[in-house]
Amino acid sequence: MKIREWLADNIGYRFSGCLYAKSHDHIFDYISSVIPNEFTGKEISDLGCGDGTNTLRLKEIFKPKSITGYERNEYLIKKAKEKGLKVKRTDLNKEISRGELAAFTFSLHHIADKEKCLRSIKRNFKYIFLIEPCNDLYHKLLDAGDPLSKEDWRKLFDKVFGKYKSYQYKNNILVFYTK
Ligand SMILES: C[S@@+](CC[C@H](N)C(=O)[O-])C[C@H]1O[C@@H](n2cnc3c(N)ncnc32)[C@H](O)[C@@H]1O
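Naming follows an unreviewed UniProt entry, where the protein appears as Methyltransferase domain-containing protein of Candidatus Woesebacteria bacterium RIFCSPHIGHO2_01_FULL_38_9.

Laid out in structure tokens, this is it:
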């Protein structure tokens, strides 16, 4: 684990949870305006769900049949459970669960081998929704993970998914993939 990732994991999240997500309403407003119909009413697995702040937003806009969070950080799992969410402890670097719709919000750039992880998700799910930040000065200086440039995200998604729907909102790239 990189030092920045360790600091976020053991200090940042402990004191503030997913503080950055407090200002994400506008992002989820945008997402709700582009969700394909077939992505609603499904069983969602929210991979790397953090403290559940955005899991609740996913629940509101995707209207899922059910939603389960998957997270590695014990402190964040506790916080998400306090919000009434069902959460399972997992390390996405080692295992990917199976399910219907995988949601991956701002977590892929924290995964060690992004391509391997995406290929496992593609194998194990019928639908994938993901949103990731593109690298910029803010993320270079402050992000504990390793976001790619817009061009490199696209190359990765083209390579793994082939055909998919993609949108850009501010500095974020969104993907909807159906098997
Ligand atoms: C930037 S936060 C995003 C959290 C949430 N999805 C959101 O939208 O706010 C990244 C999350 O991924 C989790 N994470 C990072 N690496 C992980 C791994 N290997 N397995 C499981 N969760 C991981 C972190 O603990 C953190 O909660």
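S.K.: Can you walk me through the overall build of the protein in this structure?
M.R.: Of regular secondary structure, the protein possesses seven helices and seven strands. In the protein, the succession of helices and strands from N to C terminus is α-α-β-α-β-α-β-β-α-β-α-α-β-β. Relative to its length of 179 residues, the protein is compact, with a C-alpha radius of gyration of 15 Å against a globular reference of 16 Å. Summarising its shape, the C-alpha atoms of the protein cover approximately 40 × 35 × 30 Å along the three principal directions. Across the 179 residues in the protein, those meeting the buried criterion constitute 33%.

S.K.: Sorry if this is basic, but what is going on with the environment of T105 here?
M.R.: With respect to the helices and strands, the residue T105 is situated in strand β4 (residues 101-105). Distance from T105 to C49, taken between C-alpha atoms, is 7.6 Å for residues 56 residues apart in sequence. Leave out the neighbours within four places in its chain, and T105 touches N54 and I131.

S.K.: Any chance you could explain helix α7 (residues 150-161) here in plain terms?
M.R.: In an α-helix, one full turn covers 3.6 residues, which means residues spaced three or four apart are oriented alike. Taking 1.5 Å per residue, 12 residues should reach 16 Å; α7 reaches 16 Å between its end C-alpha atoms and fits that length. Once α7 ends, the next one or two residues include G162, with phi positive near 75 degrees.

S.K.: Would you explain the site of the ligand in this entry?
M.R.: Close to the ligand lie 20 residues; G48, G50, N54, R72 and T105 are nearest. Within the shell around the ligand, the residues separate by chemical class into seven nonpolar, 10 polar and three charged.

S.K.: I tried to follow the sheet that holds strand β5 (residues 127-133) on my own but got confused; where do I start?
M.R.: Note: strands within a sheet are paired through backbone hydrogen bonds, in either parallel or antiparallel orientation. An order of β3-β2-β1-β4-β5-β7-β6 is seen for the seven strands of this open sheet, with the pairing classed as mixed. Unpaired on one side and paired on the other, β3 (86-89) and β6 (165-169) mark the two borders of the sheet. For this sheet the average axis-to-axis angle between neighbouring strands, irrespective of direction, equals 20 degrees. Sheet analysis places strand β1 (residues 43-47) next to strand β2 (residues 66-71), joined by five bridges and oriented parallel. Paired with S45 across the two strands is T68, which belongs to β2.

S.K.: Help me out: how do you make sense of the pairing of β6 in this one?
M.R.: Side-chain positions along a regular strand alternate between the two faces of the sheet. Relative to strand β7 (residues 172-178), β6 is paired through five bridges, and the arrangement is antiparallel. By the bridge assignment, Y169 is partnered in β7 with N172.

S.K.: What should I look at first to understand the nonpolar core in this one?
M.R.: Soluble globular proteins: nonpolar side chains tend toward being buried together. With 34 residues, the main nonpolar core has L101, A102, A103, I128, F129 and L130 as its most contacted residues. Elements with a contribution of two residues or more to this core: β1, α3 (53-62), β2, α4 (74-82), β4, α5 (114-124), β5 and β7. In terms of residues, this core owes the most to one element, β5, which gives five residues.

S.K.: Just checking my understanding: could you explain the pairing of β7 for this structure?
M.R.: Across seven bridges, β5 lies against β7 in antiparallel orientation. Residue pairing for β7: P133 is matched across the bridge by N172. Counted along the chain from β6 to the antiparallel partner β7, the turn is two residues long, and its residue K170 has a positive phi close to 50 degrees.

S.K.: What is the right way to look at the environment of R123 in this model?
M.R.: With respect to the helices and strands, the residue R123 is situated in helix α5. In this structure R123 comes out as exposed when scored by C-beta crowding, with 10 C-beta atoms within 10 Å. Taking the C-alpha atoms as reference, R123 lies 28 Å from K2; in sequence the two are 121 residues apart.

Conventions adopted
- Residues numbered from 1 in each chain as written.
- Predicted model: local features only at pLDDT ≥ 70, side-chain atom pairs only at ≥ 80, totals over all residues.
- Helix = DSSP H or I, 4+ residues; strand = E, 2+ residues; numbered from the N terminus.
- Rg over C-alpha atoms; globule rule 2.2 N^0.38 Å.
- Buried ≥ 20, exposed ≤ 12 C-beta atoms within 10 Å, placed from the backbone.
- Contact = placed C-beta atoms within 7 Å.
- Expected span 1.5 Å × (residues − 1).
- Near = placed C-beta within 6 Å.
- Nonpolar A, V, L, I, M, F, W, Y, C, P; charged D, E, K, R; others polar.
- Pairing = 2+ DSSP bridges.
- Axes fitted to C-alpha atoms, helices over the stretch in contact; angles between N-to-C directions.
- Core = buried A, V, L, I, M, F, W, Y, C linked by C-beta atoms within 7 Å.

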